[in-house]
Amino acid sequence: MDRRTLLVRGLAASAFTGLSSVPVCRAWGQPATYAAFLAGVRHEALGQGLPAGVIDQALALCKTPNAAVIKADRHQPEQVLTWAQYKDRVLTEKKLSDGLQAMTEQGERIGQIGGQYKVSRGVIAGIWGLESAYGTRMGKFSVIDALATLAFEGRRAAFFRGELFKALHILAQGGMEPRAMLGSYAGAMGQPQFMPSAYERFAVSYPEGGRPDIWRNEADVFASIANYLARSGWQDGAIWGEAVIVPDSMAQAQLGRSHVRPLSWWVQQGVRPRAGRFADNAAMGAVIRPDGPGGEAFVVYHNFNVIRRYNASDFYALAVGILGDAIT
């Protein structure tokens, strides 16, 4: 999901044990060896006041650059999916049925937490489902190992180095062993898939007062997602969007998130809500038709853009909204 800029491209696999088939690039100024890089991280972390024991325990997980992390980073899917293809891939029957079961078990709690943060339970559930399949797929990579690898190998090295230090700070707060800090190959953590910087900004415990556990404590997961959305400008009581019918003759250039107009204007152009009537509290919206004429279309409101603050993708925001509505 990140767009990465290559600062330097070069073959350096021979420098790493076990990585002879994995091309690695490093930014100018990076230490020549991984051991030297880790020593520099340790020195800087000590300078930031982090406990030596925490640092050493965490960096002990980083023997060599993780080949699986590098492979995943280098070989992200290049296929450009249509919205219809993405929807079929993401919003499966299993995802929907599992979501209904998850809401049977957690719906009341999600509703309670959503009410406190003034965020709809549908969007909380939709993000939970898309990010970690309702807490069942959080990633199996050591976050410290993954971030150290990505900070060393050069693609957005400064970004991942910053995230590595934030992860070390989180460990220094206590309550978690480094091996238990698991996530994706890119360092996204726990059930909401927060990067360490997002954890520091948005993770909260529920009830308040404890250390947020976004790996094992669902209440903390839901509250953290809700806090993220609330602080990103979620409008209480408003929906994210709704399906509409758009005349095929309507030019694609008139559509898109930036073209926000009164609903009355869209009606004049022949746009009709599939549900029979537009939401009562909606006045302004934009119409998106991701696959062009003949494809599905939606009128999207302010809260759609708030979902995009979580992941800046129209497809993602649509999927969150549709999934959340379907299972709540």
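Calculation criteria
Residues numbered from 1 in each chain as written. Predicted model: local features only at pLDDT ≥ 70, side-chain atom pairs only at ≥ 80, totals over all residues. Heavy atoms only, no water. Helix = DSSP H or I, 4+ residues; strand = E, 2+ residues; numbered from the N terminus. Rg over C-alpha atoms; globule rule 2.2 N^0.38 Å. Buried < 20%, exposed > 50% of the residue type's maximum accessible area, 1.4 Å probe, protein only. Contact = heavy atoms within 4.5 Å. Areas by Shrake-Rupley, 256 points an atom, 1.4 Å probe, with all protein chains shown as cover. Salt bridge = Lys/Arg side-chain N within 4 Å of Asp/Glu carboxyl O. Pairing = 2+ DSSP bridges. Expected span 1.5 Å × (residues − 1). Phe/Tyr/Trp six-rings, centres within 6.5 Å; stacked < 30°, edge-to-face > 60°. Lys NZ or Arg CZ within 6 Å of the ring centre and 35° of its normal.

Asker: Any chance you could explain the overall build of the protein here in plain terms?
Answerer: Regarding its fold elements, the protein presents 13 helices and 7 strands. What you see for the protein is a C-alpha radius of gyration of 22 Å, in line with the 20 Å of a compact globule of 328 residues. Overall, the protein is about 65 × 45 × 35 Å in size when its C-alpha atoms are taken along their principal axes. Expressed as a percentage of its 328 residues, the buried residues of the protein come to 50%. Pairs at least 24 apart in sequence give 70% of the contacts found in the protein among residues at least 6 apart. Accessible surface, the protein: about 15600 Å² in total, of which carbon and sulfur atoms supply 52%.

Asker: How should I be thinking about the environment of Y316 in this particular structure?
Answerer: Considering the arrangement of structural elements, one finds Y316 in helix 13 (residues 314-327). With 189 residues separating them along the chain, Y316 and I127 place their C-alpha atoms 9.2 Å apart. When near neighbours in sequence (up to four residues on either side) are disregarded, Y316 contacts Y86, I127, L130, E131, I307, Y310 and N311.

Asker: How do you make sense of unusual backbone geometry when you look at a structure like this?
Answerer: Among all residues save glycine, negative phi is the norm, and among peptide bonds the norm is trans. Between Y206 and the following residue, P207, the backbone shows a cis peptide bond with an omega angle of -5°. Mapped onto the fold, P207 is located in the loop between helix 9 (196-202) and helix 10 (218-231). A positive phi angle, close to 55°, is found at Q193, a residue other than glycine. Here Q193 lies in the loop between strand 2 (182-183) and helix 9.

Asker: Explain the pattern of salt bridges to me, please; I cannot follow it from the model alone.
Answerer: A full pass over the atoms with the stated rule returns 11 salt bridges. Between E296 and K87 there is a salt bridge, with its nearest N and O atoms 2.9 Å apart. With E296 in the loop between strand 6 (284-288) and strand 7 (297-300) and K87 in helix 4 (residues 83-90), the pair connects residues that are 209 residues apart, well separated along the chain. Bridged by salt links that share partners, the residues D73, R74 and E153 form one connected network.

Asker: I'm lost on the pairing of strand 6 in this one. Help?
Answerer: The side chains of a regular strand alternate between the sheet's two faces. Judged by how many residues are buried, strand 6 sits mostly within the fold: 4 of 5 residues are covered. As paired elements, strand 4 (residues 261-262) and strand 6 share 2 bridges and run antiparallel to each other. In the strand pairing of strand 6, R261 is matched with G285. As paired elements, strand 6 and strand 7 share 3 bridges and run antiparallel to each other. Looking across to strand 7, one finds that A286 is bridged to V300.

Asker: Help me understand helix 6 (residues 121-132) in this model?
Answerer: One full turn of an α-helix is made of 3.6 residues, so residues set three or four places apart face in the same direction. The end-to-end C-alpha distance of helix 6, which contains 12 residues, comes to 17 Å, matching closely the 16 Å that a straight helix rising 1.5 Å per residue would cover. Along helix 6, the positions that sit buried rather than exposed are G122, V123, I124, A125, G126, I127, W128, G129, L130, E131 and S132. Buried residues in helix 6 make contact with helix 4, helix 5 (93-117), helix 10, helix 12 (302-310) and helix 13. Count one or two residues on from helix 6 and you reach A133, which has phi positive near 50°.

Asker: Would you take a moment to explain the sheet that holds strand 5 (residues 272-273) for this structure?
Answerer: Backbone hydrogen bonds hold the strands of a sheet together, and the pairing may be parallel or antiparallel. Taking strand neighbours across the sheet as the criterion, the 5 strands line up as 4-6-7-3-5 in an open arrangement whose pairing is antiparallel. The open sheet has two edge strands with one neighbour each: strand 4 and strand 5. Pairing of strand 3 (residues 241-245) with strand 5, which is carried by 2 bridges, proceeds in the antiparallel orientation. Its bridge partner lying in strand 5, V244 is registered against P273.

Asker: I would appreciate a short explanation of the packing of aromatic side chains in the present structure.
Answerer: Considering all chains together, one arrives at 18 aromatic pairs under this definition. With a centroid separation of 6.2 Å and 40° between ring planes, the pair formed by Y199 and W215 is classed as tilted. With a gap of 16 residues between them, Y199 in helix 9 and W215 in the loop between helix 9 and helix 10 connect regions that are remote in the sequence. Residues Y199 and W215 agree in their burial class; the two are buried. For the pair W265 and W266, a centre-to-centre distance of 5.0 Å together with 85° between the ring planes defines the contact as edge-to-face. Overall, the relative accessible area of 22% leaves W265 in the partly exposed class. Residue classification places W266 among the buried positions, given a relative accessible area of 0%. By way of ring pairs, the aromatic residues W83, Y86, W240, F298, F304 and F315 are connected into one cluster. Sitting above the plane of the F159 ring, R156 keeps its charged end 4.1 Å from the centroid.

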